[in-house]
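Now for the letters of each chain:
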Amino acid sequence: MEDIKNLSKTEQILRCSKIMIESQLKLLERNNASSQAFEKQAKINKSVENFIANLGNIDNISNQQYISYLMELCSLFKNAHISLKNKVEEEYQFLSQHLLYLHGEVFAVLNDNLLKVDKIGGKPAEDVCKEMSKYICYETDEWLGAQLNKMLNFKILYQILGIDYSNIELKNGQKLTNSPSKEFFDYYQYFPPYYKRTQSAYSYAFPCANIVKINYRSCHEYSDGDFLNFTNVVKSEIENRGINAYILDIRGNTGGNSEIIWPIINLFKDRNMTGCVLTDNRVFSSGTFAAYYAKKTLNATLIGQPLAQENERFGQGSGEIVLSDTLSIRITEKYFKFSDVFKNSGAIKPDIVVPLTIEELQNKKDKTLETTIEYLQNLLQVQHQQEC
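Residues numbered from 1 in each chain as written. Predicted model: local features only at pLDDT ≥ 70, side-chain atom pairs only at ≥ 80, totals over all residues. Heavy atoms only, no water.

Student: What is the right way to look at the overall build of the protein chain in this model?
Tutor: Counting secondary structure elements, the protein chain contains 13 helices and 16 strands. The proportion of buried residues among the 388 residues of the protein chain is 46%. Considering only contacts within the protein chain whose residues lie at least 6 apart along the sequence, 73% involve residues at least 24 apart. Surface summary for the protein chain: the accessible area is close to 20,100 Å², and the carbon and sulfur share equals 47%. (Helix = DSSP H or I, 4+ residues; strand = E, 2+ residues; numbered from the N terminus. Buried < 20%, exposed > 50% of the residue type's maximum accessible area, 1.4 Å probe, protein only. Contact = heavy atoms within 4.5 Å. Areas by Shrake-Rupley, 256 points an atom, 1.4 Å probe, with all protein chains shown as cover.)

Structure representation (structure tokens):
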């Protein structure tokens with residue numbers, strides 16, 4: 001595969017435009033659009049040909065012409081997708097039998113127990129996962145695993161793949177029935193408490209007398225207060241309690257604004273606090289920056305599972321083109337390197353890996369947190385002995 005970062009900006013725009021076109025055409029095909037939508041197919045194909053031809057001479061066309069071509073194309077796609085709206089709303093449902101994916105295996109949630117799945121619709125569960133992975137955009141196996149936890153519970157993807165989702169066979173020989181459900185399914189509700197959805201993007205707690213734990217679930221500031229005010233509250237608490245160690249829990253943080261975390265980073269730095277960062281395979285995008293800043297600025301120890309993201313990647317969309325009140329396009333052109341801190345290739349790995357096991361999920365334990373507290377307590381004891 002050609003390395004996009006070596007292309008000129010013009011070539012990147014050309015490449016991204018072609019990818020957008022291909023993905024839109026595939027989406028229409030995969031969703032089995034109605035005949036009304038496909039009546040527009042010939043017109044779309046012709047516009048695609050013209051668009052690509054014009055992009056081939058992109059250096060000689062103005063920005064206004066480019067946007068005009070793009071708006072015409074997007075308008076056609078938008079009209080074609082309108083006929084899918086009711087169909088997608090009807091089929092975008094969760095299944096009643098909840099499934100979990102972990103380390104290449106699928107488990108069914110039955111009476112609060114996790115039981116290994118053998119087949120779904122007569123097909124081996126691992127083969128079903130492989131088929132679904134073709135419809136997931138991912139750069140690491142870690143992120144693929146996180147996304148499969150969603151996809152395994154969507155009715156529409158089984159229909160696209162032609163798989164009978166209504167019959168599930170367990171390894172123990174038991175057979176389960178499955179049906180669509182309009183009820184929202186939080187597929188992490190069976191995971192340890194740190195996976196549960198909360199109203200706040202950030203909170204704090206004291207797992208033991210000398211450690212503060214910051215739960216940093218999202219890089220967003222919500223209506224319950226900005227992150228600077230939150231940091232000031234934490235500062236007052238740790239000063240009153242005389243706390244000198246922290247745990248920054250970023251598990252499940254898939255991104256947002258990468259810069260809002262700086263107040264807490266600076267607080268820990270100014271107080272010369274010892275600390276760790278908890279990670280898992282759902283840390284992505286701006287969530288990765290939290291781990292990067294803590295490691296680079298605080299020399300924090302990362303503990304948990306590998307992150308979803310590689311140590312070098314594109315990010316930060318720029319040059320947004322507004323096509324209508326509801327439609328816009330952003331081209332991702334900035335290339336981020338975390339390799340000055342994280343040296344391994346592939347998914348970013350923590351300093352101490354604590355595998356997530358099905359036994360941990362079944363018993364609703366948090367082995368990563370337990371390991372971190374033990375690690376910090378030992379470290380603080382050594383530091384105290386050195387000071388004496």
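Having put the structure on the table, let's press on.
Student: Before we go on, may I ask you to explain the nonpolar core in this structure?
Tutor: Looking at soluble globular proteins, one finds that nonpolar side chains tend to be buried together. Core analysis: the largest hydrophobic core is formed by 37 residues, its most contacted members being Tyr216, Leu248, Ile261 and Ile264. Those elements that provide at least two residues to this core are strand S10 (211-216), helix H9 (227-241), strand S11 (245-249), helix H10 (262-270) and helix H11 (286-298). If you tally residues by element for this core, the top one is H11, at seven residues. Ignoring anything within four residues of it in the chain, the contact list for Tyr216 reads Ala201, Phe227, Leu248, Asp249, Ile250, Asn253, Asn257, Ile260, Ile261 and Ala290. Counting 26 residues, the second-largest nonpolar core is a separate cluster that includes Leu99, Ile120, Leu152 and Tyr165. (Core = buried A, V, L, I, M, F, W, Y, C linked by side-chain atoms within 4.5 Å.)

Student: Just to check I follow, could you spell out helix H13 (residues 367-387) for this structure?
Tutor: Note that an α-helix has 3.6 residues per turn; residues three or four places apart therefore point the same way. Its 21 residues give H13 an end-to-end C-alpha distance of 30 Å, which sits within 8% of 30 Å, the value for a rise of 1.5 Å per residue. Considered for burial, the residues of H13 that qualify are Thr368, Leu369, Thr372, Ile373, Leu376 and Leu380. When H13 is viewed along its axis, its buried side chains cluster within an angular range of 125 degrees and face the same direction. Facing away from the buried side of H13 by over 90 degrees, the exposed positions are Glu374, Gln385 and Gln386. Buried residues belonging to H13 abut strand S9 (202-208), S10, S11, strand S12 (274-279), strand S13 (301-304) and helix H12 (358-362). (Expected span 1.5 Å × (residues − 1). Arc of directions from axis to C-beta.)

Student: Which parts of the structure should I look at to understand the pattern of salt bridges?
Tutor: Side-chain pairing between opposite charges can occur once the charged atoms of the two side chains come close. This structure, assessed with the given rule, holds ten salt bridges. Residue Lys116 pairs with Glu105 through a salt bridge whose shortest N-O separation is 3.1 Å. Of the two residues, Lys116 sits in strand S4 (residues 113-120) while Glu105 sits in strand S3 (residues 105-110), which places them eleven residues apart along the sequence. Since its relative accessible area comes to 33%, Glu105 is described here as partly exposed. Between Glu239 and Arg271 there is a salt bridge whose closest N-O contact spans 3.7 Å. A residue pair is termed long-range when its members are at least 10 positions apart, and Glu239 in helix H9 and Arg271 in the loop between H10 and S12 qualify at 32 residues. (Salt bridge = Lys/Arg side-chain N within 4 Å of Asp/Glu carboxyl O.)

Student: Mind showing me how you'd approach unusual backbone geometry here?
Tutor: At Asn272, a position not held by glycine, the phi torsion is positive, near 55 degrees. Positive phi, normally seen in glycine, also occurs at Asn299, with a value near 55 degrees. Tracing the backbone shows Asn299 in the loop between H11 and S13. What makes Asn299 exposed here is its relative accessible area of 60%.

Student: Could you clarify how one ought to interpret helix H6 (residues 125-133) in this entry?
Tutor: Taken together, the buried positions of H6 are occupied by Ala125, Val128, Cys129, Met132 and Ser133. Projected down its long axis, H6 shows its buried positions confined to an angular sector of 140 degrees, all on one face. Against the buried residues of H6 lie strand S2 (99-102), S3, S4, strand S5 (123-124), helix H7 (141-151) and helix H8 (155-161).

Student: Explain the confidence of the model for the protein chain to me, please; I cannot follow it from the model alone.
Tutor: Regions with low pLDDT should not have their predicted coordinates read in detail. The predicted model of the protein chain averages 77 in pLDDT, with 63% of residues at 70 or higher. Contacts of residues 33-37 to residues separated by more than four positions or lying in other chains number eight contacts, the stretch itself having pLDDT below 50. (pLDDT = per-residue confidence, 0-100.)

Student: Explanation requested: the pairing of S3 in the structure shown.
Tutor: Each regular strand shows side chains that alternate between the opposite faces of the sheet. With four bridges connecting them, S2 and S3 associate as antiparallel partners. When the sheet's bridge partners are listed, Leu100 is paired in S3 with Phe107. As consecutive antiparallel partners, S2 and S3 are separated by two residues, and within that stretch His103 has a phi angle of approximately 55 degrees, a positive value. As defined by bridge partners, S3 adjoins S4 across four bridges and the pair is classed as antiparallel. Its bridge partner lying in S4, Leu110 is registered against Asn113. Here S3 hands over to S4 after two residues, with Asn111 in that stretch at a positive phi of 55 degrees. (Pairing = 2+ DSSP bridges.)

Student: Quick question: what am I supposed to make of the side chain of Asn178 here?
Tutor: Summarising the element assignment, Asn178 is placed in the loop between strand S7 (175-177) and strand S8 (180-181). For Asn178, the side chain forms a polar contact with the side chain of Ser96, separated by 3.2 Å. Here the side chain of Asn178 touches Gln97 through a polar contact of 2.7 Å, landing on its backbone nitrogen. Beyond its immediate stretch of four places on either side in the chain, Asn178 contacts Leu95, Ser96, Gln97, Tyr165, Ser166 and Ile168. (Polar contact = N/O pair within 3.5 Å; in protein donor to acceptor, adjacent residues only side chain to side chain.)

Student: Just to check I follow, could you spell out the packing of H10 against H11 for this structure?
Tutor: Each pair of packed helices gets described by two things: the angle between the helix axes and the distance between those axes. Where H10 contacts H11, the two axes come as close as 11 Å, and the packing angle between them is 25 degrees. By the angle between their axes, H10 is roughly parallel relative to H11. Where H10 crosses over H11, the two elements pack in a sense that is right-handed. Between H10 and H11, the residues in contact are Trp262, Ile265, Phe268 and Lys269 and Tyr293, Ala294, Thr297 and Leu298, respectively. Within the contact of H10 with H11, the residues separate by chemical class into six nonpolar, one polar and one charged. (Axes fitted to C-alpha atoms, helices over the stretch in contact; angles between N-to-C directions. Parallel < 35°, antiparallel > 145°, perpendicular 65-115°, else oblique. Left-handed = near helix turned anticlockwise from the far one by under 90°. Nonpolar A, V, L, I, M, F, W, Y, C, P; charged D, E, K, R; others polar.)

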